[in-house]
Protein chains: 2
Amino acid sequence: MSLLIVGTIAMDNIETPAGSVTDEIGGSAAYAALAASFSVPTALVAIVGNDFPRETLDNLASRGADLAGVKVGDGPSFRWSGRYHENLNNRDTLDTQLNVLTQFKPDLPESFRDIEYVFLGNIDPDLQMSVLKQLRRRRLVAADTMNFWLDSARPALLRLIAEIDLLIVNDDEARQLSGEHNLVRAAHAIRRMGPERLLIKRGEYGVLGFEEDSIFAMPAYPLEEVFDPTGAGDTFAGGCLGYLAHRNDPSAGLLRRAIAEGSVMASLVVERFGMRRLWEVSPADIDARYQAFVRLTDFQTA
Amino acid sequence: MSLLIVGTIAMDNIETPAGSVTDEIGGSAAYAALAASFSVPTALVAIVGNDFPRETLDNLASRGADLAGVKVGDGPSFRWSGRYHENLNNRDTLDTQLNVLTQFKPDLPESFRDIEYVFLGNIDPDLQMSVLKQLRRRRLVAADTMNFWLDSARPALLRLIAEIDLLIVNDDEARQLSGEHNLVRAAHAIRRMGPERLLIKRGEYGVLGFEEDSIFAMPAYPLEEVFDPTGAGDTFAGGCLGYLAHRNDPSAGLLRRAIAEGSVMASLVVERFGMRRLWEVSPADIDARYQAFVRLTDFQTA
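Let us look at the structure shown here.

As for the overall build of chain A
Link 1 in the chain: Of regular secondary structure, chain A possesses eleven helices and 13 strands.
Link 2 in the chain: A compact globule built from 302 residues would reach a C-alpha radius of gyration of about 19 Å, and chain A, at 18 Å, matches this within 12%.
Link 3 in the chain: If you line up chain A on its principal axes, its C-alpha atoms span 60 × 40 × 35 Å.
Link 4 in the chain: Expressed as a percentage of its 302 residues, the buried residues of chain A come to 61%.
Link 5 in the chain: A separation threshold of at least 6 residues defines the contact pool for chain A, and within that pool the share at least 24 residues apart is 64%.
Link 6 in the chain: Taken as two groups, the 30 positive and 42 negative side-chain charges of chain A have centres that lie 5 Å from each other.

Considerations on unusual backbone geometry
All names here are of chain A.
Link 1 in the chain: A positive phi is found at Asn99, a non-glycine position, where the angle reads about 50°.
Link 2 in the chain: Note that Asn99 resides in the loop between strand E7 (91–97) and strand E8 (117–120).
Link 3 in the chain: Asn99 sits in the partly exposed class, given a relative accessible area of 25%.
Link 4 in the chain: One non-glycine residue, Glu212, lies in the positive phi region at around 45°.
Link 5 in the chain: Assignment of secondary structure puts Glu212 in the loop between strand E12 (207–211) and strand E13 (214–218).

Some words on the packing of aromatic side chains
Link 1 in the chain: Considering all chains together, one arrives at eleven aromatic pairs over all chains under this definition.
Link 2 in the chain: Judged by centre distance (3.6 Å) and plane angle (5°), the ring pair of Tyr205 of chain A and Tyr205 of chain B falls under stacked. Here Tyr205 of chain A, found in the loop between strand E11 (197–201) and E12, pairs with Tyr205 of chain B, found in the loop between strand E11 (197–201) and strand E12 (207–211), and the two come from separate chains.
Link 3 in the chain: On the numbers, 5.3 Å between centres and 65° between planes, the contact of Tyr221 of chain A with Phe293 of chain A is edge-to-face. Of this pair, Tyr221 of chain A sits in the loop between E13 and helix H8 (232–247) while Phe293 of chain A sits in helix H11 (residues 283–297), and the two are 72 residues apart along the sequence.
Link 4 in the chain: Relative accessible area serves as the criterion here: at 1%, Phe293 of chain A is assigned to the buried category.
Link 5 in the chain: Members of the aromatic cluster, each reached through a chain of ring pairs, are Phe216 and Tyr290 of chain A together with Phe299 of chain B.
Link 6 in the chain: We note Arg289 of chain A situated over the ring of Tyr221 of chain A; from NZ or CZ to the ring centre the distance is 5.1 Å.

Focus: the relation of the copies chain B and chain A
Each copy of the chain is related to the other by a rotation around an axis and a translation along that axis.
Link 1 in the chain: At an RMSD of 0.0 Å, chain B and chain A line up after a rotation of 180° and a shift of 0.0 Å along the axis. On this basis, the relationship between the two copies can be described by a two-fold rotation axis.
Link 2 in the chain: Taken together, the interface assignments show that 100% of the residues at the interface of chain B recur at the interface of chain A, consistent with an identical surface on both copies.

Thoughts on the interface of chain B and chain A
Link 1 in the chain: Facing the 39 residues of chain B at the interface are 39 residues of chain A.
Link 2 in the chain: Taken together, the two surfaces of chain B and chain A that pack against each other cover about 3500 Å², and 55% of this comes from carbon and sulfur.
Link 3 in the chain: Along the contact surface separating chain B from chain A lie zero salt bridges.
Link 4 in the chain: Taken together, the connections running from chain B to chain A amount to 14 residue pairs in polar contact (both at pLDDT 80 or more).

Scoring rules and cut-offs
- Residues numbered from 1 in each chain as written.
- Chains lettered and ligands numbered in written order.
- Predicted model: local features only at pLDDT ≥ 70, side-chain atom pairs only at ≥ 80, totals over all residues.
- Heavy atoms only, no water.
- Helix = DSSP H or I, 4+ residues; strand = E, 2+ residues; numbered from the N terminus.
- Rg over C-alpha atoms; globule rule 2.2 N^0.38 Å.
- Buried < 20%, exposed > 50% of the residue type's maximum accessible area, 1.4 Å probe, protein only.
- Contact = heavy atoms within 4.5 Å.
- Lys, Arg positive; Asp, Glu negative; His and termini not counted.
- Charge placed at Lys NZ, Arg CZ, Asp CG, Glu CD.
- Phe/Tyr/Trp six-rings, centres within 6.5 Å; stacked < 30°, edge-to-face > 60°.
- Lys NZ or Arg CZ within 6 Å of the ring centre and 35° of its normal.
- Least-squares fit on C-alpha atoms with pLDDT ≥ 70 in both.
- Buried area = accessible area lost by both parts, 1.4 Å probe.
- Salt bridge = Lys/Arg side-chain N within 4 Å of Asp/Glu carboxyl O.
- Polar contact = N/O pair within 3.5 Å; in protein donor to acceptor, adjacent residues only side chain to side chain.

Here it is, written out as structure tokens:
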């Protein structure tokens, strides 16, 4: 099974306590696609500027990404500039240049419309909805969003949420969306809005997963050095949904394992700037980190 | 094996978003002793005021606590008043009345000096050290502390830390003690100060455990309603060390399971005010919560 990924492809300027980079390849669709590529072929829907490096697209294609849905727009690429605080949990957006993103109309190539596993990365919820309407055989549609849309497009976001199977948000967004501080109560409230399943990302504290009457808690891997948290959430989503598409089984129970696989990918991506770690990482590295997570969370063997 | 517990026994006034209570039994030694009592006999060293309810001491004794080390001082009991914020992670201390605590000199009854498993609850590090010096056969000495002592008695605290086997602090205290923001690096730095093992409490996010070259991460149980976080840390410590004393094996590897047992007790105590839940909870309740933790953290079965 392949995974359809809709989102942004960006060029980022990033400052972290470990250093800074400019023109770093980023964007939700790029991170998610590369993370998912270790499990499944991907099909990308995004827009890039006419300044975007052709080589990067070729590299994504060589990792099994079908780029039939990636348009080259008229103008420069979407750009984001941000600076992380010392604690890495907070960041300031220094600049956002939408550029070609304003032209983005996610039209799915005919061959993409039968893809059953879908990740709608963080973009305007009306655009996410337009993708959803083009799908013919959906089995699992997951969407990410952010506080910006909660503030500026809440009705559209609520319409989208009512239609999807899995929502991925961070803890602040879960609280804002539900009006509940307690995350268990927030999860109940959000699931009543539509999505049967919910993932709440808690940054360095890991992820909570909700499905049926079950809660799953996955700690983040405690790393001695986090270089750059950019894209960790999208990498997590790509790894998680890539695993579900690979297993080709949207039924309950597999989500926990998928969360673990996503957490593995997220713990790797933050070890270098941007997506660099994901380009160089090997299946053996991924397996070793998975085993490290097994050991990290094991308390029954003793 | 029994567990020696040194600390405070208090009467607390507590306000949380769920309500408020006055003259609630509390203090580090009381919480830790009741939590540990489900695993081992305990031996308490503490001081109470002449206003302290005799019935509570009788109840502790009926739970297997040896009170030979509990003195009734001349004056009212140690009192703490606090108010929790809406998020329950932060609290303001409204009032602290040391009262008889200023008379506290932890002299160990002869029969206590051969106890091998020891929890030094959060008190003046000089007093903690004086207990340590009275021990004859120690196998595992654990100590808790707080930011107050980091600020006001750092040299004494460092002397204590150099002598103990296991330090229990929260994440802010770990950062303050080490000067490192990253918790893995903070843990390395703290363990170089003396304690081979370290537990870092992260409130609603759970606990990190460090021993040998291994890290263990235990999430807290996501509860729909937290009534009162008071004493959760001491309850955790009591459950954790009670388990190690029960197993009578201070070697590496058991700490993970002990952290799980402590987390179970902590997840229970916050469900009602003060220690009330610990008085009423049954071994079956504890086992059910342990199984809930197993399910909460399992990602390999699917």
